[in-house]
Amino acid sequence: MDIQPLGDTAIRICFGEGINELNHQQVRRVTSMLHAANIHGINEWVPAYNSVAIYYRPEIINYDQLIEAVERLITVQLRLARFNQLSMRCLFIMEEKRVKSFPLLHSIIRSVRMKLYL
């Protein structure tokens, strides 16, 4: 992630090079968090495939305050994403243990997973 000024009333948050799903997911998460946070002084944000441009009013929020607020949002976003991954992994492990006691169901789930990965 890289935050750069974009003119005198905007910043650009770049989530990596190229177009890929991971970068775009981060863009979507940040834009939804910007919407929820409703930071006073932000006029609008413009998402792209791997970046978000945030336009602000410097008479209400200065550059340093904006950077600090955005970095806090992104830190929270990354922690939530990590928490969700761990939660899903724990649920998957719990489900695996429960399903293994039913051999037929276990074999059906395993074959479906194999088809998904092929």
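Everything that follows concerns the structure shown earlier in this document.
Residues numbered from 1 in each chain as written. Predicted model: local features only at pLDDT ≥ 70, side-chain atom pairs only at ≥ 80, totals over all residues. Heavy atoms only, no water.

**Some points on the pairing of strand β4 (residues 51-56)**
As a reminder, the rule being used: In this scheme, a residue with accessible area under 20% of its type's maximum is buried, one over 50% is exposed, and one in between is partly exposed, where area comes from a 1.4 Å probe on protein chains only. Secondary structure elements are defined from DSSP: runs of H or I of at least 4 residues count as helices, runs of E of at least 2 residues count as strands, and each element is numbered from the N terminus. Here, any two strands with at least 2 DSSP bridges between them count as paired.
With five of its six residues buried, β4 lies for the most part within the structure. The sheet contact formed by strand β2 (residues 10-14) and β4 spans five bridges and is antiparallel. Each residue of the ladder has a partner; that of isoleucine 13, found in β4, is valine 52. Where strand β3 (residues 42-47) lies against β4, five bridges are found, and the strand directions are antiparallel. By the bridge assignment, tryptophan 45 is partnered in β4 with isoleucine 54. Between β3 and β4, which pair antiparallel and follow one another directly, the connecting turn spans three residues.

**Overview of the nonpolar core**
Cut-off, in case you're wondering: Residues grouped as a nonpolar core are buried Ala, Val, Leu, Ile, Met, Phe, Trp, Tyr and Cys residues, joined through side-chain atoms within 4.5 Å. Any two residues whose heavy atoms approach within 4.5 Å at even a single point are treated as in contact.
Grouped together as the largest cluster of nonpolar side chains are 20 residues, with contacts concentrated most on Ile11, Ile13, Leu34, Ile39, Ile54, Leu66 and Val70. Secondary structure elements with two or more residues in this core: β2, α1 (21-37), β4 and α2 (63-99). By residue number, the principal contributor to this core is α2, which donates six residues. Leaving out residues up to four positions away in the same chain, isoleucine 54 has contacts with Thr9, Ala10, Ile11, Ile13, Leu34, Ile42, Glu44, Trp45, Leu66 and Val70.

**Details of the sheet that holds β3**
Worth spelling out the cut-off: Axis definition: a line fitted to C-alpha atoms, over the contacting stretch in the case of helices. Angles run 0 to 180 degrees between N-to-C directions.
Within the open sheet, the four strands sit side by side as β1-β2-β4-β3. Their pairing is antiparallel. Edge positions in the sheet fall to β1 (2-5) and β3, since each has one partner strand and no second. Averaged over all neighbouring strand pairs, the angle between strand axes comes to 20 degrees, with direction disregarded. Here α1 sits on the sheet in contact with β3 and β4, set at roughly 160 degrees to β3.

**Quick notes on unusual backbone geometry**
The backbone phi angle of asparagine 38 is positive, close to 50 degrees, even though this residue is not glycine. With respect to the element layout, asparagine 38 can be found in the loop between α1 and β3. On the basis of relative accessible area, asparagine 38 is assigned to the exposed category, the value being 63%.

That is the geometry; function is a separate question.
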